[in-house]
Amino acid sequence: MKNRFNTVPVETDTRILYQQEGKLDEFDVRYEIWRWDGIEAESIIFLNDDVSGLTEQEIEKIVRTSPIVKEGSVMTLNRSTDFIFCNFNFE
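The following refers to the structure shown. Model, not experiment: these values are computed from the prediction.

1. What about the packing of aromatic side chains?
Overall, the coordinates contain 4 aromatic pairs when judged by the stated rule. Their ring planes at 80° and their centres at 6.2 Å tell us that W34 and F90 sit as a pair that is edge-to-face. Placement of the pair is W34 in strand 2 (residues 27–36) and F90 in the segment after strand 5 (83–88), with a sequence separation of 56 residues. Overall, the relative accessible area of 12% leaves W34 in the buried class.

2. Quick look at the side chain of R30
Here R30 lies in strand 2. The class of R30 is buried, set by a relative accessible area of 8%. A polar contact of 3.2 Å, which involves the side chain of R30, links it to the side chain of E21. Leave out the neighbours within four places in its chain, and R30 touches F5, V8, Q19, Q20, E21, S43, I44 and I45.

3. Details of the pairing of strand 5
For strand 5, a buried count of 6 out of 6 residues is recorded, marking the element as mostly surrounded by other parts of the structure. Relative to strand 5, strand 3 (residues 39–47) runs antiparallel, the two being bridged by 6 bridges. Looking at the pairing, L47 lines up with F83 of strand 5. When strand 4 (residues 76–79) meets strand 5, the two strands line up antiparallel, connected through 4 bridges. Residue pairing across strands places N78 opposite F85, the latter belonging to strand 5. The antiparallel hairpin formed by strand 4 and strand 5 contains 3 residues in its connecting segment.

4. Structural notes on the pattern of salt bridges
The final tally for this structure, using the stated rule, is 9 salt bridges. With a closest N to O distance of 2.9 Å, R4 and D50 form a salt bridge. Of this pair, R4 sits in the segment before strand 1 (14–24) while D50 sits in the loop between strand 3 and helix 1 (56–64), and the two are 46 residues apart along the sequence. When its relative accessible area of 33% is taken as the criterion, R4 is described as partly exposed. For D50, a relative accessible area of 27% puts it in the partly exposed group. Across the salt bridge formed by E40 and R35, the nearest N and O atoms sit 2.7 Å from each other. Among the residues examined, R35 registers a relative accessible area of 34% and is labelled partly exposed. Where salt bridges share partners, they join R4, K23, D28 and D50 into one cluster.

Parameters and conventions
- Residues numbered from 1 in each chain as written.
- Predicted model: local features only at pLDDT ≥ 70, side-chain atom pairs only at ≥ 80, totals over all residues.
- Heavy atoms only, no water.
- Phe/Tyr/Trp six-rings, centres within 6.5 Å; stacked < 30°, edge-to-face > 60°.
- Helix = DSSP H or I, 4+ residues; strand = E, 2+ residues; numbered from the N terminus.
- Buried < 20%, exposed > 50% of the residue type's maximum accessible area, 1.4 Å probe, protein only.
- Polar contact = N/O pair within 3.5 Å; in protein donor to acceptor, adjacent residues only side chain to side chain.
- Contact = heavy atoms within 4.5 Å.
- Pairing = 2+ DSSP bridges.
- Salt bridge = Lys/Arg side-chain N within 4 Å of Asp/Glu carboxyl O.

Quick look at the structure:
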């Protein structure tokens, strides 16, 4: 699984504080805690190919099943060429 996430892009001014690869539901994911411009948040990253048949609402619903997502957390989804970033727990 590690090779699947080798090319996850990181913006130059973003600092990754922690990352771990694993599974969420049946999907391979990368979990990250990051800091950018004074904001700290978390992301679950999916490969576009793995979730191509899902809507953004369905992806968000899967992410919200994780116990790491705080209840009521604002969630944003961002797409890159190969990945979907689901960001949450903004502080």
